[in-house]
Amino acid sequence: MKYYIRKTDELKNIKDRKSLIFLYKTIPGRIILKLITKPIFSTMMEKLTNTKLSKIYIKKFIKNNNINMNNYEKKDYKSFNDFFTRKVNKSKRNQKSTKNQLISPCDSKITIYKIDKNLTINVKNSKYSIKNLIKEEPNDKFQNGICIVFRLCVDDYHRYHAFDNYEVITSKKIKGLLHTVNPISYENYKVFTENQREVSLLKTENFKEVYQIEVGALNIGKIHNKTETKYKKYDERGYFSFGGSTIILLFQKDTVKIDKDIENWSKKGVEVKVEYGDIIGHNIKIN
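Residues numbered from 1 in each chain as written. Predicted model: local features only at pLDDT ≥ 70, side-chain atom pairs only at ≥ 80, totals over all residues. Heavy atoms only, no water.

Undergrad: With reference to specific residues and values, describe the packing of aromatic side chains.
TA: For any pair of aromatic rings, the description rests on two quantities: the centre-to-centre distance and the angle between the ring planes. In this structure the tally under the stated criterion is 16 aromatic pairs. Seen in terms of ring centroids, Y72 and Y157 are 6.4 Å apart; in terms of plane orientation they differ by 45 degrees. Their pairing is tilted. In this pair, Y72 is assigned in the loop between α4 (58-64) and α5 (80-84) and Y157 in the loop between β7 (146-152) and β8 (159-161), connecting sequence segments 85 residues apart. On the basis of relative accessibility, which here comes to 2%, the residue Y157 falls in the buried class. Judged by centre distance (5.6 Å) and plane angle (50 degrees), the rings of Y166 and Y231 are tilted. Pair noted here: Y166 is in strand β9 (residues 166-174) and Y231 is in strand β13 (residues 230-231), with a separation of 65 residues, a long-range link. With a relative accessible area of 4%, Y166 lands in the buried category. On the basis of relative accessibility, which here comes to 5%, the residue Y231 falls in the buried class. (Phe/Tyr/Trp six-rings, centres within 6.5 Å; stacked < 30°, edge-to-face > 60°. Helix = DSSP H or I, 4+ residues; strand = E, 2+ residues; numbered from the N terminus. Buried < 20%, exposed > 50% of the residue type's maximum accessible area, 1.4 Å probe, protein only.)

Take a look at the structure:
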């Protein structure tokens, strides 16, 4: 797979880590996978990365992932997980948009998909039922709507923010496994409906009702959502513990128009690299 970097107009290959190739492409790896995708493994990893001793991995992680620390708040990190959930320097992210513009809630690689008339989504040749994804009967208004998948990698900023002014109408946790959200897992596993996740129905100011789903991943024991029910655009909504993960937004028909470049790259099966605050679309006038 490839991904496109908007800021630098570059097309790059996604390099699968050797450890993931072993786990998902070999028989011994798949045996191990059955154990480490259990939530207890990620809980243990979170406890380990919360220890003071885990600080020794920070410098190497920054170097290996080419992370520019000037983009983040300066502080003395108490553990690796404290570093991993670091806060961004707000001056390094766009926080200016009109009310009708849709912003990315996080740093990620994004892809858009059509929600068909049967309320299913075709992700990398795997059919996902909206009903199975959110574990409830979806409103028919989501037929022919838009699904946006924001895939966070380990080098990304792992906090996420409100993409519009909104109120949380309902919220629930769904138990499951914790597969990697790297595309290498898509061939054999329906990760978005198998993994642990939290589902919220949002009443937004400019995009009607939207479902937001935070999906846990390998090495992520926790999705940390705030308990407030009302958010202003750019407010922090929550964060993921160590690992990479995914946010999914489901929009009703005729509520949002995604930027043409993202739409075109998605049709080619190419993810687009964006940052929190980047404008990625706009609302369609609501009558």
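Undergrad: Describe the pattern of salt bridges, naming the residues involved and giving the relevant values.
TA: Going through the model one piece at a time under the given rule, you end up with 16 salt bridges. As a salt-bridge pair, R159 and E236 come within 2.7 Å of each other at their nearest N and O atoms. Residue R159 is located in strand β8, and its partner E236 is located in strand β14 (residues 236-240); the two are separated by 77 residues in the primary sequence. Judged by its relative accessible area of 16%, E236 falls in the buried class. Among the ionic pairs, E263 bridges to K267, the shortest N-O distance being 3.5 Å. Of this pair, E263 and K267 both sit in helix α8 (residues 260-267), 4 residues apart, which is roughly one turn of the helix. The class of E263 is buried, set by a relative accessible area of 15%. (Salt bridge = Lys/Arg side-chain N within 4 Å of Asp/Glu carboxyl O.)

Undergrad: Account for unusual backbone geometry, naming residues and giving values.
TA: Despite not being glycine, K135 shows a phi value in the positive range, around 55 degrees. Looking at where K135 falls in the secondary structure, it is placed in the loop between α6 (130-134) and β7. One non-glycine residue, D254, lies in the positive phi region at around 60 degrees. Positionally, D254 belongs in the loop between β15 (245-251) and β16 (256-258).

Undergrad: Which residues make up the sheet that holds β14, and what values do they have?
TA: Within the open sheet, the 3 strands sit side by side as β8-β14-β12. Their pairing is antiparallel. In the strand order of this sheet, the two ends are held by β8 and β12 (223-225), each with one partner. Taking each pair of neighbouring strands and ignoring which way they run, the sheet shows an average axis angle of 20 degrees. Two elements, β8 and β14, share 3 bridges in a ladder whose sense is antiparallel. The residue of β14 that forms the bridge with H161 is E236. (Pairing = 2+ DSSP bridges. Axes fitted to C-alpha atoms, helices over the stretch in contact; angles between N-to-C directions.)

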